[in-house]
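Observations on the model geometry
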Amino acid sequence: MNRLNVPQEGGCRCGQVRLKISAAPIITMACHCTGCQKMSSSAFSLSAAIPAEGFEVIAGEPVIGGLHGATRHYFCPHCLTWMFTRPEGMDWFVNLRSTMLDDTSGVAPFVETFTSEKLPWVATSAMHSYETFPPMEAFGGLIQEFAERTASA
Ligand SMILES: [Zn+2]
Ligand SMILES: [Zn+2]
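Residues numbered from 1 in each chain as written. Chains lettered and ligands numbered in written order. Predicted model: local features only at pLDDT ≥ 70, side-chain atom pairs only at ≥ 80, totals over all residues. Heavy atoms only, no water.

With that out of the way, let us pick up the overall build of the protein. In terms of regular secondary structure, the protein is built from two helices and 11 strands. Reading the protein from its N end, one meets helices and strands in the order β-β-β-α-β-β-β-β-β-β-β-β-α. Here the C-alpha coordinates of the protein stretch approximately 35 × 35 × 30 Å along the principal axes. Excluding contacts between residues fewer than 6 apart, the proportion of contacts in the protein whose partners are at least 24 apart in sequence is 57%. For the protein, the exposed surface amounts to about 8,000 Å²; the carbon and sulfur share of it is 54%. Across the protein, the centroid of the 10 positively charged side chains sits 6 Å from that of the 14 negatively charged ones. (Helix = DSSP H or I, 4+ residues; strand = E, 2+ residues; numbered from the N terminus. Contact = heavy atoms within 4.5 Å. Areas by Shrake-Rupley, 256 points an atom, 1.4 Å probe, with all protein chains shown as cover. Lys, Arg positive; Asp, Glu negative; His and termini not counted. Charge placed at Lys NZ, Arg CZ, Asp CG, Glu CD.)

We now examine the pairing of strand S8 (residues 82–86). With four of its five residues buried, S8 lies for the most part within the structure. Where strand S7 (residues 72–75) folds back onto S8 in an antiparallel hairpin, the turn is made up of six residues, including Leu 80, whose phi is positive at roughly 65°. Two strands pair when backbone bridges link them, and S8 and strand S9 (residues 93–97) are joined in this way by two bridges, in the antiparallel orientation. Bridge assignment links Phe 84 to a residue of S9, and that residue is Leu 96. The loop that links S8 with its antiparallel partner S9 comprises six residues; one of these, Gly 89, has a positive phi angle of about 70°. (Buried < 20%, exposed > 50% of the residue type's maximum accessible area, 1.4 Å probe, protein only. Pairing = 2+ DSSP bridges.)

Shown next, in the form of C-alpha cells:
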C-alpha cells in the first residue's frame, strides 16, 4: 500500500479551513454506514486515523455538524465540507476525511466497515471487511499489519 506523505497540509472545498498533519495515520478506513453515506453525500466515508498530537487546524474555525452528539464531526463554516471527526472517548486520534489532504496518493482504505449497510454495487480495495466495526481485540493486529504494509512503500 502507498504510504501517506507527511508532513502535509489539506483543506476544505473553499479553502477557509486548512489543516496540517505531521504524523502518519495509524490506519486508513472506508465506512459504508448509512450515516456516512448521508454526511459524505456519497457511497462511503474515507478516514485516516491521525494521532492527535500530529493533527492541527492551521486556518479557519471548523464548526460541529452531523448529529451534534458525543462524537464530534467538524465542518467548514462556509462551504460546509465534512472535514474530520473526533470520536467519543478516543481523544488520542482524529479521523481525518482523507480527501481533505492536498496529496491523496496514500489514502486507500486498509479496512472497510459496515458492509452490512453498503450500497450493493460498491467495492473498495480494502484488505479487511467487517459487517459492522472490527471487534476491539482486532485493532492491535490491524494497526500492526497496516504499519508493516506501509513501511516500505
Ligand atoms: Zn470551506
Ligand atoms: Zn460510517
